[in-house]
Amino acid sequence: TKKTNIDAITTDAETETVKLNSSEEELVVQYVVVRRDLIDTWPLGNDPATLSYCSPSSLDSMHKVTLEVKGEIQIVNLSEKLKSNGILHKLWIEQPENIPTCLATKAYPKSMVSPFFRKLKLCK
């Protein structure tokens, strides 16, 4: 992965960017990965609290990309790959079933994290 020295994070109403040492600006992105095998069997977004914090009025201007993996093995492997490369993320474990269901990265400059997600499909 490419390491980048970040001078400052600047935010405007249209987009969130990172100002790099070279005076370039780069898009900041958060990746969210869900399991395809659960999408069709578990309710998504039916919880009022989830609907509230995911509503457009509650989201800031950071770009989020929602992707999918086939199942549990793939999401666990992705988590391990991110961990071994120092990419901060959270792997959600559904309780009491103890099932990994979703992964989200910390917001990073896109060029730093996009290589880990290139082979994944957009979640539809």
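Residues numbered from 1 in each chain as written. Predicted model: local features only at pLDDT ≥ 70, side-chain atom pairs only at ≥ 80, totals over all residues. Heavy atoms only, no water.

Moving on, we come to the overall build of the protein chain. Check the secondary structure of the protein chain and you find four helices and eight strands. Counting from the amino terminus, the protein chain carries its helices and strands in the arrangement β-β-β-α-α-β-α-β-β-β-α-β. With 124 residues in all, the protein chain has 33% of them scored as buried. Within the protein chain, contacts between residues at least 6 apart in sequence are counted, and of these 66% link residues at least 24 apart. (Helix = DSSP H or I, 4+ residues; strand = E, 2+ residues; numbered from the N terminus. Buried < 20%, exposed > 50% of the residue type's maximum accessible area, 1.4 Å probe, protein only. Contact = heavy atoms within 4.5 Å.)

Both trends apply: most residues other than glycine have a negative phi, and most peptide bonds are in trans. Following Gln95, the chain continues to Pro96 via a peptide bond in cis, the omega torsion being 10 degrees. Within the secondary structure, Pro96 sits in the loop between β5 (89-94) and β6 (99-105). Non-glycine residue Asn98 carries a positive phi angle of around 65 degrees. Summarising the element assignment, Asn98 is placed in the loop between β5 and β6. Since its relative accessible area comes to 51%, Asn98 is described here as exposed.

Time to look at the pattern of salt bridges. Applying the stated criterion across every chain, the model contains three salt bridges. Where Arg36 meets Glu68, a salt bridge forms, and the shortest distance between an N and an O atom there is 3.0 Å. With a gap of 32 residues between them, Arg36 in helix α1 (residues 36-39) and Glu68 in strand β4 (residues 63-69) connect regions that are remote in the sequence. Here Arg36 falls in the partly exposed class, since its relative accessible area comes to 26%. Its relative accessible area of 10% is what places Glu68 among the buried residues. One salt bridge connects Lys83 with Glu80, and the closest N-O pair in it is separated by 3.8 Å. Taken together, the positions of Lys83 and Glu80, both in helix α3 (residues 72-84) and three residues apart, correspond to about one turn of that helix. Take Lys83: its relative accessible area is 54%, and that puts it in the exposed class. (Salt bridge = Lys/Arg side-chain N within 4 Å of Asp/Glu carboxyl O.)

To continue, consider the confidence of the model for the protein chain. Mean pLDDT for the protein chain: 74, with 61% of residues reaching 70 or above. Looking at the elements of the protein chain, mean pLDDT is at its lowest for strand β1 (residues 6-11), recorded as 34, and at its highest for α3, recorded as 97. Every residue in residues 1-23 is under pLDDT 50, and counting partners more than four places away or in other chains gives 46 contacts. (pLDDT = per-residue confidence, 0-100.)

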